[in-house]
Every structure is written in C-alpha cells, then in structure tokens.
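Overview (structure and organization)
The chain contents come next:
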Amino acid sequence: MTWRPTIAALAGLCLAVSATPLPAGAAVAAHVSAHAALAGPPGAPPGACPTGASYGPPLPASTVTAPRIQGGFTFLEGPVWVADGGYLLFSDMTAGTGPYNVQPSTIRRFTAPATVDTFITNAGSNGLALSADSQQLVAATHDQRSVSSYRLSDRARSTVAPNYQGRAFNSPNDVAVRSDGVVYFTDPNFQRGNRPDQMSGRTSVFRVSNGQVSLVDDRLRQPNGISLSPDGTALYVGAYSENKIYKYAVQPDGSIGARSVFVNYIGGPDGGTIDCAGNVYWTSGGDSLVHVYSPAGTELGTIRSGNSGTTNVAFGGPDRQTLFVTSGRWGDSGLHSVRLNVPGYPY
C-alpha cells in the first residue's frame, strides 16, 4: 500500500519549505501541517489506519512469539517503517566513547527478506519516527542532546529541538509525531554520559509546536517510550524507573491536559506503539516481552522475542500488520517480527 494519495501534490510545498531557513522544528511542522489540513484532524500519520475499519482481537493467541529475522547487532532501538520505500530503519548503538562517554549510533536499513545496509552513519540516534508526509526521519539524538530530522532523500540533518530555554536536554530518547507536525519526546538521562546536567536532575517530556519547545511534564522518573493514540486524543509515556505507563489527555492544539496512570507495569517500560484499534503495545527489558493492552488498560496478551533486552516496536509491511521488535542481549541484539491481526503505527 502507498503511504497516502496526496504526497505528489505536496512535494513542491515540501521542497519549498525545506529550502527556506526556518526556526528549529518549523520545517517539519510547516509541511506536515499543510498535509494535515488536507487529511483531517491531527492524530495517526496519514495512511497508517484505514478509514471506517472495525477490528477484532489484535493477537492470534494470548501468547505469541516473534521469531528473530536478523541478529548480530550491538544494541537496537527505534524501529520505523518507511512505506514509500518498503523498508525498516532502526538505530544501532555501541558503547560510549570519548571524554564524555557518549554512545555512537548508526541508522541501519532492513529490506525484506534479509538485506541490511547502513543508512546514516554517526546519526547519534535512539528513537525514530517519520514526519507525516514521510519525507523526513525525526530522531531523538543524544549525540547533540537534541531532536533532529534527517531528510530521507539525501540524509541532510537539521534540528527540531535544540534545547529548552537555553539549557541542554539530558539525552532525548524517543519521539512521537502528530499528523499536523507537533512532536512529542522524552528526555531521560540514559545516554547523557559524563556531560553536565543542565536539567537540574529532572527527566521530562517535551512538546515542539511551530518550532517552540514547551514542557509537558517534569515529574516522571526516566520517561522512555512515547506513543500517540490514532485519534490524537491521548499520549502514552512509559516511566521506566516507576514501572508505570502514563496517559495524558491531548487537546486539539496539541497541548496536554490531565495525566492518569494507564497501567502499573512490570519490568521497566521501554518503547511502545499503538495499533489502529487503539490497542497499546509496550516493551519490557526486564521480562523481554511486548505487553499488549486494550485502550482501557486491560492486558490482552504478550509477545515474546527472545530472552533479553526487548527495547522497541513498530508496525510495518505492505499492509502494516507485521510487528517489528528490537530485542536481544548487548552485542547480539536482533530484529524480530510477527504478523498480527490489526495494522498500526509505523513507529
């Protein structure tokens, strides 16, 4: 399936925006906002979820196994499906280096059935997502303590969120992008290394709208994965050091309302994704499972992908019903996949 029918009409607009100097993040927001005006209210990326579809149970059984399809990586994170090219991108991080002990990261590309190549070297990335027009890769980049975007056509890098009120972030970890270009991201300190703390010991969630960075919540202990519901009304954040997934109400303008506990988790919530029925998929490094919850927070089942280090998930494949999982011990991290009953987010 194609990413969506309107990309050709927007190509000229995207090129015009990219060629004009804009504030941090505004290039991503501007061309995505133009697309959102055509596609409807903000929420899931255009083309990710069929209109008017109804779904049954998301899992073929209460316990599912995702076989490994490629291994031998150092430490995988942030899978994202690029429908226009029919491939999966993911971050491969290695051990910290240099005086500040910062982890290098390479973005690799998987093309079925078994081809892996290097897509971007020295990317400095962890979690990945796509701008809604699929032309840019939005990345949580701990190398520069920022959120960045990489143009898929030529891999050119620009900055979406450089800092907050002049203070460097800790180490941005994961990102979610609304269909109008609003970007949400988490900022734990996992990859800060030996660099000075400019966040006064706080680990937080932030929002970027029209190039402006605003604070969502600085009360979380090590916020990690972040996902947006398909209708755009709820934002989910996994607080790794609290063993909780929080749910935030999202206002039409992208601002955040009330916070509640979605689930009390087991094993440290890492990355997550959401399917088109609103079911929530969250990984756990502690028990190496993907836990699947209904929109009401009822656990529907689990997906196993090895015996250690399950870090993140994304839907992909031609009909977006294949769940890709990054999982494995340090030095032998791998990519796993399993076909499910409901399509979902590409990141």
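Bear in mind that the values here come from a model prediction, so they are computed numbers and not experimental data.

Reading the values: the criteria
Residues numbered from 1 in each chain as written. Predicted model: local features only at pLDDT ≥ 70, side-chain atom pairs only at ≥ 80, totals over all residues. Heavy atoms only, no water. Buried < 20%, exposed > 50% of the residue type's maximum accessible area, 1.4 Å probe, protein only. Helix = DSSP H or I, 4+ residues; strand = E, 2+ residues; numbered from the N terminus. Pairing = 2+ DSSP bridges. Axes fitted to C-alpha atoms, helices over the stretch in contact; angles between N-to-C directions. Lys, Arg positive; Asp, Glu negative; His and termini not counted. Salt bridge = Lys/Arg side-chain N within 4 Å of Asp/Glu carboxyl O. Contact = heavy atoms within 4.5 Å.

1. Digging into the pairing of strand β16 (residues 234–239)
Most of β16 sits inside the fold, with 6 of its 6 residues counted as buried. A two-sided burial pattern is seen for β16, the buried positions comprising A234, Y236 and G238 on one face and L235, V237 and A239 on the other. A loop of 5 residues connects strand β15 (residues 223–228) with β16, the two strands running antiparallel in sequence, and G232 in this loop sits at a positive phi of about 75 degrees. Across 6 bridges, β16 lies against strand β17 (residues 244–250) in antiparallel orientation. By the bridge assignment, Y236 is partnered in β17 with K247. Between β16 and β17, which pair antiparallel and follow one another directly, the connecting turn spans 4 residues, one of which, N243, has a positive phi of 55 degrees.

2. Some points on the sheet that holds strand β9 (residues 146–151)
The strand order across the open sheet built from 4 strands is β7-β8-β9-β10, with neighbouring strands paired in antiparallel fashion. With partners counted over all chains shown, the strands left at the sheet margins are β7 (125–130) and β10 (157–161), one partner each. Averaged over all pairs of adjacent strands, the angle between their axes in this sheet comes to 30 degrees, without regard to strand direction. In terms of strand pairing, β7 meets strand β8 (residues 136–141) through 4 bridges, oriented antiparallel. Bridge pairing links A129 to V138 in β8.

3. Brief notes about the sheet that holds strand β22 (residues 299–304)
One open sheet holds the 5 strands; their spatial order is β1-β22-β21-β20-β19, and the pairing between them is mixed. Strands at the two margins of the open sheet, each flanked by one partner only, are β1 (63–65) and β19 (269–274). Between one strand and the next, the sheet's axes are offset by a mean angle of 25 degrees, whatever the strand orientation. Pairing geometry for β1 and β22, over 3 bridges, is parallel. Considered in β22, the bridge of T65 is made with R304.

4. Let's talk about the side chain of D270
Structurally, the position occupied by D270 is in strand β19. It is R304 that comes nearest to the buried, bridge-free D270 among opposite-charge side chains, at 14 Å. Residues within four places of D270 in sequence aside, it is in contact with E77, N224, G225, W282, T283, T310 and T311.

5. Here we look at the pattern of salt bridges
Pairing between side chains becomes possible if they bear opposite charge and their charged atoms approach one another. Under the counting rule described, the total for this entry stands at 11 salt bridges. R157 serves as the salt-bridge partner of D143, at 2.9 Å between the closest nitrogen and oxygen. Note that D143 is positioned in the loop between β8 and β9 and R157 in strand β10, a separation of 14 residues in sequence. In this structure D143 comes out as partly exposed when scored by relative accessible area, which is 26%. Put simply, D197 and R192 hold a salt bridge, and the shortest N to O gap is 3.6 Å. What makes D197 partly exposed here is its relative accessible area of 34%. Salt bridges linked by common partners bring D217, R219 and R259 together as one network.

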